[in-house]
Amino acid sequence: MKRFARLLTELDETMRTNEKVDAMAAYFSTADPADAAWAVYFLSGGRPKRLIPVRRLAAWAMEEAGIPEWLFEDCYEAIGDLAETMSLLLPDAESTSDLPLHWWIEERVLPLAKQSEGAQRAVIVESWRELAGAERFIWNKLITGGFRVGVSQQLVVRALAKASGIDEGAIAHRLSGHWEPRPEAFAALLAAETGDADVSKPYPFYLAYAIEDELDDLGDPAEWQAEWKWDGIRAQVIRRNGQTFVWSRGEELVTDRFPEIASAAAFLPDGTVLDGEIMPWKNGAPLPFAQLQRRIGRKVLGAKILNEVPVVLIVYDLLELDGRDARGEPLSWRRERLDEVIAGARSTVLVPSPLIALSAWSGARDAHARAREMSAEGLMLKRRDGVYGVGRRKGGWWKWKVQPYTVDAVMIYAQAGHGRRASLHTDYTFAVWDDGKLVPFAKAYSGLTDAEIRELDGWIRRNTVEKFGPVRHVKPEHVFELGFEGIQASPRHKSGVAVRFPRILRWRTDKRAEDADTIATLRALMSQPS
Amino acid sequence: MDSKPQGLGAGVKGIGKLCGAPWARRLIWGCRKAFSSNRAEGATYRPENLRPDSVTTLLRLGDRGLYCEVGDFHIDPWQPVERAVITHAHGDHARWGSGTYLCSREGQGVLRTRLGTDASIQSVDWAEPVDINGVRVSLHPAGHILGSAQIRVEHRGEVWVASGDYKTDPDPTCTPFELVRCHTFITESTFGLPIYRWCPEWQVFDDIRAWWTANRHAGRASVLFGYALGKAQRLLAGLAGADIGPIYTHGAVERLNRDYRAAGVRLADTRYASDLPKGYDFSGSMIVAPPSAAGSTWLRRFGNVSTGFASGWMRIRGARRRRALDRGFVLSDHVDWPSLLAAVEGTGAQRVWVTHGTREPLVRWLTERGLEAMALRAQWKGEEDADPVEVAGEEIPA
């Protein structure tokens, strides 16, 4: 545990990517595989299930620390992180132990699931007394299920590759999907022989960057392929050994959630992997994303919802053909084979992503202007001779999103952020006018500079009208231009509308609250094609 | 911390000797003036009227700061006044433009550096009483920075102590905090939450040395941020025996180092970084600079650096991460929660006014324990905010 705590401290103490990779690589090459397996699991975003309700944990911590509830809550508000609050409030450790990470997890954390409340409490309190500083903080993260480390999966892959000398692609491949934190799995992860691809394993998704340059700087349009950018769920469909697997970009196996795609994929030849977008689609046109969310939220899909929100897979790439990794082939070749494979499957659920003819860049500009009409988020531009990369890489794929919808709204509530922004008010609720009253319609967290956040934070503290727990009701004074991607009617919201991906575009210091938009403006946006 | 509390009325001697000084004569004259206008006569102390904005208390919060009506003087005023008694030289407590300033003898040098040569500054020894319009005023060490004082104010047997900023942990750069018994204690609460508990100073310096060593091996300079007055010198005193070689400083720090050395405080050897030629190789060295230098062009000369910040706020992970610093060292010149409670208890005060920092929790805590506690909206900075360095956009000692 000490060694793992030191690793996390090292990761926490540097902003430099290379140092983070070096620290992890050093850990992986020296740690016991049983510990390293858990480290890989946590570092790549694995989270243990929350086994004890946080209220109960907090109550035990208060009692140990001799602190009343109101004071505990004041402390929590100042920190914004429950595990850290408990760590700092508890009395200093009585003794320290140096049992390994896997012992703490396998002997202490996992058994909690089957213990009585009294036994759980005894274990937790004993652990608090045995662990100091960073280790106690990690322990609290383990039991609150809130374990998050500030490294991306890609960095973990790089570190593992560095520690083992194995190719990054192979590691990423082995690590994607379900990965069991067992010592054997860790050994397999770093095994020199890389031809072990599990039948279900997806390839790492290739991710596009937002376009930065002028279109003309991309060179000859004939070298590029243009497609619509769809607002659905990125997915990989795998057909191998007579089995089908559908993976979402969150590397979650979602085969059961999309039975129509799974059944269509059964007609694909063995050894085929498709990359595409799952879209709610009815009568030849997309449905709003919120409809798809209705499906995602359900464990059991009844006939009703399958009827109301059918899906298709807009297929845009072919990653594996006849059991062979095709990612190294040029896009033009992959696309031709893709069209053949899809045609062979004869399915209305597998739809090749329509190509937008590009004879000149002006054609792309015209298409971009029509994107909203097509219910697309914008355009994708892909190099015709490009390979299918690993992760987010610049150069081969660009996304060019349409301008968001915008509206001027008044900030009415503010709340402190979490983690890095714990003592600053960074979460805001915005409202528009409805018959002389302000109705809240969106929350936004991002879009301001640090200096603006600080300025606003000071203002919020001085202009709080009322406090409801951590939420401050502030004077309706400041106007912000909000951008969002989509809008639709929602009976669940007070304002009657729900917006998608709201964010702050600008602080409109030139406008007064009276100048903000009205609910009528929002309704008008809704009637536009979305 | 000196655990032996002084009794009420401690330090009576010395008043006669002081009356001969020209500034003291002025004070006594001012006293006559005050009495002739009969302002002090009607002041009676009725417990139900004891509110910060009440005119009947010995000290109250006026427009320009903490005010003593009977004595007609202010403590750490935030706007110019005729007569200011100063707890310490930090910018939020010692402001320009007042007629006369009274401070501790130990703090005179730094206050002079801060206020300039034109300011009329008088100083007194620790516990040496001064009569201001019939009010007995004396200064007692607060342990915050060089010369920092608690102001003891006594009138007709009523004793008030305004703590300014203080800490009870040992600090080689200033006289240790002295517990002064009083009826009303005006305390700061910069770190007025139980999450703030400090480690012993030696552990922090061990960490700083280990950080410097690792940076030196990596060929990097270590830039350690600390408030220019107080924290920077505490760091330099702590590193004095550490065999770190010449430590380079920012101008704001170096200016105050002179005052500290003149007051007899032993600091590590320092060199003013800007004295060195362009292109000088700073790799492996230690640099002490004020937090305002973070992200400035001044830092560029040091090449590849690791940054650290010594402050009580560094106890919270988010506070460090928000600043994009490599390291945070939890070293504060303010009391932590346990010491704050111990100090309040030690004064024996029944009434506690809580000024800047996280006030409400402390007020509630003390109220629940039977004290008459109240939050005071003083304009000393860092007020209300958990992280004033960031929010105010300027340096606040922490």
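Residues numbered from 1 in each chain as written. Chains lettered and ligands numbered in written order. Predicted model: local features only at pLDDT ≥ 70, side-chain atom pairs only at ≥ 80, totals over all residues. Heavy atoms only, no water.

## Some words on the overall build of chain A
Okay, so step 1: From N to C terminus, chain A includes 19 helices and 23 strands.
Okay, so step 2: Looking at chain A residue by residue over its 530 residues, the buried ones come to 52%.
Okay, so step 3: Expressed as a percentage of contacts within chain A between residues at least 6 apart in sequence, the contacts between residues at least 24 apart total 70%.
Okay, so step 4: Surface summary for chain A: the accessible area is close to 23,600 Å², and the carbon and sulfur share equals 50%. (Helix = DSSP H or I, 4+ residues; strand = E, 2+ residues; numbered from the N terminus. Buried < 20%, exposed > 50% of the residue type's maximum accessible area, 1.4 Å probe, protein only. Contact = heavy atoms within 4.5 Å. Areas by Shrake-Rupley, 256 points an atom, 1.4 Å probe, with all protein chains shown as cover.)

## As for the overall build of chain B
Okay, so step 1: Scanning chain B from N- to C-terminus turns up ten helices and 21 strands.
Okay, so step 2: The buried share of chain B, taken over its 398 residues, is 62%.
Okay, so step 3: When the accessible surface of chain B is summed, it comes to about 15,000 Å², and 49% of that surface belongs to carbon and sulfur atoms.

## What to know about the sheet that holds strand 11 (residues 158–162) of chain B
Residues and elements named next belong to chain B.
Okay, so step 1: Reading across the sheet, the seven strands line up as 8-9-10-11-13-20-21 and stay open at both edges, with mixed pairing between neighbours. In this open sheet, the two edge strands, each paired with only one partner strand, are strand 8 (130–132) and strand 21 (372–375). Here the strands of the sheet are splayed against their neighbours by 25° on average, with no regard to which way each runs.
Okay, so step 2: Taken together, the three bridges between strand 8 and strand 9 (residues 135–141) define a ladder with antiparallel strand orientation. Note on strand 9: the bridge partner recorded for Val130 is Val137.
Okay, so step 3: Contacts from helix 8 (residues 337–347) reach strand 13 (184–189) and strand 20 (351–357) within the one sheet, and its direction differs from that of strand 13 by about 170°.
Okay, so step 4: In the packing of helix 9 (residues 359–368) onto the sheet, contacts are made with strand 13, strand 20 and strand 21, and the angle to strand 20 comes to roughly 165°. (Pairing = 2+ DSSP bridges. Axes fitted to C-alpha atoms, helices over the stretch in contact; angles between N-to-C directions.)

## Quick word on helix 4 (residues 54–65) of chain A
All names here are of chain A.
Okay, so step 1: For helix 4, built from twelve residues, the straight-helix expectation of 16 Å at 1.5 Å per residue is met to within 8% by its first-to-last C-alpha distance of 16 Å.
Okay, so step 2: Looking at helix 4, one finds that the buried residues are Leu57, Ala58, Trp60, Ala61 and Met62.
Okay, so step 3: Taken together, the buried residues of helix 4 touch helix 5 (69–79), helix 6 (82–89), helix 8 (117–130) and helix 9 (133–144).
Okay, so step 4: Positive phi shows up at Gly66, right after helix 4, with a value of about 65°. (Expected span 1.5 Å × (residues − 1).)

## A closer look at the sheet that holds strand 18 (residues 305–310) of chain B
Residue and element names in this part refer to chain B.
Okay, so step 1: Taken in spatial order, the six strands make up an open sheet running 16-15-17-14-18-19, and their pairing is parallel. Both outer strands of the open sheet, strand 16 (270–272) and strand 19 (327–329), are each paired with one neighbouring strand and no more. Direction aside, the axes of adjacent strands within the sheet are offset by 30° on average.
Okay, so step 2: Here strand 18 pairs with strand 19 via three bridges, running parallel. For Ala310, the partnering residue across the bridge sits in strand 19 and is Phe329.
Okay, so step 3: Relative to strand 16, helix 6 (residues 251–262) is tilted by about 135°, and along the sheet it contacts strand 15 (247–249), strand 16 and strand 17 (286–289).

## Quick word on the pattern of salt bridges
Residues and elements named next belong to chain A.
Okay, so step 1: If you walk through the whole model with that rule in mind, you get 55 salt bridges over all chains.
Okay, so step 2: Glu514 serves as the salt-bridge partner of Arg512, at 3.4 Å between the closest nitrogen and oxygen.
Okay, so step 3: With relative accessibility at 52%, the residue Arg512 sits in the exposed group.
Okay, so step 4: Salt bridges sharing common partners tie together Asp408, Glu481, Arg506, Arg508, Asp510 and Lys511. (Salt bridge = Lys/Arg side-chain N within 4 Å of Asp/Glu carboxyl O.)

## Considerations on the interface of chain B and chain A
Frequently, the measure chosen for interface size is the accessible area removed from exposure when the parts meet.
Okay, so step 1: Taken together, the contacts link 29 residues of chain B with 32 residues of chain A.
Okay, so step 2: Note on chain B versus chain A: buried area summed over both sides is about 2,800 Å², and carbon and sulfur give 52% of it.
Okay, so step 3: Between A:Glu19 and B:Arg220 there is a salt bridge, with the nearest N and O atoms lying 2.8 Å from each other.
Okay, so step 4: The interface formed by chain B and chain A contains eleven residue pairs in polar contact (both at pLDDT 80 or more).
Okay, so step 5: Broken down by secondary-structure element, the contributors of at least two residues to the side of chain B that touches chain A are helix 7 (317–322), helix 9 and helix 10 (388–392) of chain B.
Okay, so step 6: With five residues, helix 7 of chain B is the largest single contributor of residues to the side of chain B that touches chain A. (Buried area = accessible area lost by both parts, 1.4 Å probe. Polar contact = N/O pair within 3.5 Å; in protein donor to acceptor, adjacent residues only side chain to side chain.)

## Description of the nonpolar core
Okay, so step 1: The biggest cluster of nonpolar side chains holds 119 residues, and the ones touching the most others in it are A:Phe4, A:Met24, A:Phe28, A:Leu43, A:Trp139 and B:Ile195.
Okay, so step 2: Broken down by element, the residue count for this core peaks at seven residues, all from helix 3 (residues 33–43) of chain A.
Okay, so step 3: Residues contacting A:Trp139, with those up to four places away along its chain left out, are A:Met1, A:Trp104, A:Arg108, A:Val109, A:Val123, A:Ile124, A:Ser127, A:Trp128 and A:Leu131.
Okay, so step 4: Of all hydrophobic cores here, the second largest spans 43 residues; its members include B:Ala84, B:Tyr227, B:Leu239 and B:Tyr260. (Core = buried A, V, L, I, M, F, W, Y, C linked by side-chain atoms within 4.5 Å.)

## Describing the side chain of A:Lys229
Okay, so step 1: Relative to the helices and strands, A:Lys229 resides in strand 3 (residues 224–229).
Okay, so step 2: Not counting residues up to four positions away in its chain, the partners in contact with A:Lys229 are A:Ala376, A:Glu377, A:Gly378, A:Leu379, A:Met380, A:Lys399 and A:Lys401.

## Description of the packing of aromatic side chains
Residue and element names in this part refer to chain B.
Okay, so step 1: Going through the model one piece at a time under the given rule, you end up with 32 aromatic pairs over all chains.
Okay, so step 2: Judged by centre distance (4.9 Å) and plane angle (75°), the ring pair of Trp160 and Trp353 falls under edge-to-face. Residue Trp160 is found in strand 11, and its partner Trp353 is found in strand 20; the two are separated by 193 residues along the sequence. Of the two residues, Trp160 and Trp353, neither departs from the other in class, the shared state being buried. (Phe/Tyr/Trp six-rings, centres within 6.5 Å; stacked < 30°, edge-to-face > 60°.)

## Focus: the packing of helix 1 (residues 2–12) of chain A against helix 3 of chain A
Residue and element names in this part refer to chain A.
Okay, so step 1: Remark: helix 1 packs on helix 3, axes separated minimally by 12 Å, with the N-to-C direction vectors making an angle of 30°. For the element pair helix 1 and helix 3, the recorded crossing hand is right-handed. The segment helix 1 lies against helix 3, with Phe4, Leu7, Leu8 and Leu11 engaging Ala39, Phe42 and Leu43. (Left-handed = near helix turned anticlockwise from the far one by under 90°.)

## Quick notes on the pairing of strand 21 of chain B
Side-chain direction in a regular strand flips from residue to residue, so the side chains alternate between the two faces of the sheet.
Residue and element names in this part refer to chain B.
Okay, so step 1: In this structure, strand 20 lies alongside strand 21, joined through four bridges in parallel fashion. Bridge pairing links Val352 to Ala373 in strand 21.
Okay, so step 2: Taking the sense of rotation as the criterion, the β-α-β connection linking strand 20, helix 9 and strand 21 turns out right-handed. (Right-handed = clockwise from strand over helix to strand, strands pointing away.)

## Points about the packing of helix 1 of chain A against helix 2 (residues 17–30) of chain A
Residue and element names in this part refer to chain A.
Okay, so step 1: Following both chains from N to C, one finds helix 1 and helix 2 inclined at 165°, their axes separated by 9 Å at the closest point. As the angle between them shows, helix 1 and helix 2 are arranged roughly antiparallel. The element helix 1 and its partner helix 2 pack so that their crossing is left-handed. Contacts between helix 1 and helix 2 pair Arg3, Phe4, Leu7, Glu10 and Leu11 from the former with Lys20, Ala23, Met24, Ala26, Tyr27 and Thr30 from the latter.
Okay, so step 2: In the contact of helix 1 with helix 2, the residues fall into seven nonpolar, one polar and three charged. (Parallel < 35°, antiparallel > 145°, perpendicular 65-115°, else oblique. Nonpolar A, V, L, I, M, F, W, Y, C, P; charged D, E, K, R; others polar.)

## So, unusual backbone geometry
Okay, so step 1: Even without being glycine, A:Ser375 reaches a positive phi, approximately 60°.
Okay, so step 2: Positive phi, normally seen in glycine, also occurs at B:Asp76, with a value near 45°.

## Focus: the environment of A:Asp74
Okay, so step 1: Residue placement: A:Asp74 occurs in helix 5.
Okay, so step 2: When the C-alpha atoms of A:Asp74 and A:Thr85 are compared, they prove to be 10.0 Å apart, with eleven residues separating the residues in sequence.
Okay, so step 3: Contact partners of A:Asp74, with chain neighbours within four places excluded, come to B:Leu193 and B:Pro361.

## A look at the confidence of the model for chain B
Caution is warranted with low-pLDDT regions, since their predicted coordinates should not be read in detail.
All names here are of chain B.
Okay, so step 1: For chain B, per-residue confidence averages 83 on the pLDDT scale, and 81% of positions sit at 70 or higher.
Okay, so step 2: This model gives residues 1–54 a pLDDT under 50, and the stretch forms 96 contacts once residues within four places in sequence are excluded.
Okay, so step 3: Long-range and interchain partners of residues 382–398, a stretch whose pLDDT sits below 50, account for 60 contacts in this model, where long-range means more than four residues apart. (pLDDT = per-residue confidence, 0-100.)

## Brief notes about the side chain of B:Gln233
Residue and element names in this part refer to chain B.
Okay, so step 1: Inspection of the secondary structure puts Gln233 in helix 5 (residues 231–238).
Okay, so step 2: Assessed through its relative accessible area of 0%, Gln233 is described here as buried.
Okay, so step 3: There is a polar contact of 3.1 Å between the side chain of Gln233 and the backbone oxygen of Ala228.
Okay, so step 4: A distance of 3.5 Å separates the side chain of Gln233 from the backbone oxygen of Val253, its partner in a polar contact.

## Description of the environment of A:Val309
All names here are of chain A.
Okay, so step 1: As for its position among the elements, Val309 is in the loop between helix 15 (303–308) and strand 8 (311–321).
Okay, so step 2: Along the primary structure Val309 and Gln291 are separated by 18 residues, whereas in three dimensions their C-alpha atoms are 6.5 Å apart.
Okay, so step 3: Contacts of Val309, omitting those with residues within four sequence positions, involve Pro280, Leu287, Gln291, Leu292, Arg294 and Arg295.

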